Amino acid sequence: GLIERAEGSARVLLGKTEVLVGTKVETGEPFPDTPNEGVLTVNAELVPLASPTFEPGPPDENSIELARIVDRGIRESKAIDTEKLCIEPGKKVFVVFVDVWVLNHDGNLIDASALAAVAALLNTKMPNYEIREGDVKIKQGYTPLPMKSHPITVTLAKINDKLIVDPWLEEEQIMDARLSIA
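Values in this document were obtained by computation on a predicted structure and should not be read as measured data.

(A) How the structure looks around the pairing of strand 7 (residues 135-144). In the sheet, strand 6 (residues 125-132) pairs with strand 7 via seven bridges, with the strands oriented antiparallel. Residue pairing across strands places Lys125 opposite Pro144, the latter belonging to strand 7. Between strand 6 and the antiparallel strand that follows it, strand 7, lie two residues; Glu133 among them carries a positive phi value of about 55°.

Below you can see the structure in the form of structure tokens.
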């Protein structure tokens, strides 16, 4: 509940890594293959103030990867009851936007971002609505986002023959492989 104009928000500090997540809920159209379900969209911003390796401009492959991993953990765990986001099947649904901002990078952005995203979703309020004469009318008041589970993401780094949980920046720079599980 840190961002006043967001429907939900959360900040997570994992060591010196700091992530802020804000959510917005708007109406939109469903995907054709899921006409009875709402939509989840996750974006990640790696802002230059967080690390000298982050550059301004459009999202690079690191921010796209981060957003996809956070999205996949939420989506595949069915954390949000997306059927309850359907207003009118095939026509109108609620779209949940999750925006991740990395404020300080000291390693393990995946776990910090995923934890902040789930916390922000748990803090998210949806507008009350009614359908009047075929139109969606937003009413006063809010209801919590319909959450079914609370996925937790854990990342391991492989360095030589060792597995390290929650790697910090120096460990990530020398790791042979990374595995994130939600």
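(B) Structural detail: the packing of aromatic side chains. All told, the structure shown has one aromatic pair when counted by the stated rule. Between Phe94 and Tyr129, the aromatic rings sit 5.4 Å apart at their centres with planes inclined by 70°, giving edge-to-face as the arrangement. In this pair, Phe94 sits in strand 5 (residues 92-104) while Tyr129 sits in strand 6, placing the two residues 35 residues apart along the sequence. With relative accessibility at 1%, the residue Phe94 sits in the buried group.

(C) Just the sheet that holds strand 8 (residues 154-159), in detail. Pairing within the open sheet is antiparallel, and its three strands lie in the order 9-8-10. This sheet does not close on itself; its edge strands, each paired only once, are strand 9 (162-165) and strand 10 (177-181). The average angle at which neighbouring strand axes cross in this sheet is 25°, direction not considered. Here strand 8 runs beside strand 10; their pairing, made up of five bridges, is antiparallel. Looking at strand 10, one finds that Val154 is bridged to Ile181.

Cut-offs and rules
- Residues numbered from 1 in each chain as written.
- Predicted model: local features only at pLDDT ≥ 70, side-chain atom pairs only at ≥ 80, totals over all residues.
- Heavy atoms only, no water.
- Pairing = 2+ DSSP bridges.
- Helix = DSSP H or I, 4+ residues; strand = E, 2+ residues; numbered from the N terminus.
- Phe/Tyr/Trp six-rings, centres within 6.5 Å; stacked < 30°, edge-to-face > 60°.
- Buried < 20%, exposed > 50% of the residue type's maximum accessible area, 1.4 Å probe, protein only.
- Axes fitted to C-alpha atoms, helices over the stretch in contact; angles between N-to-C directions.

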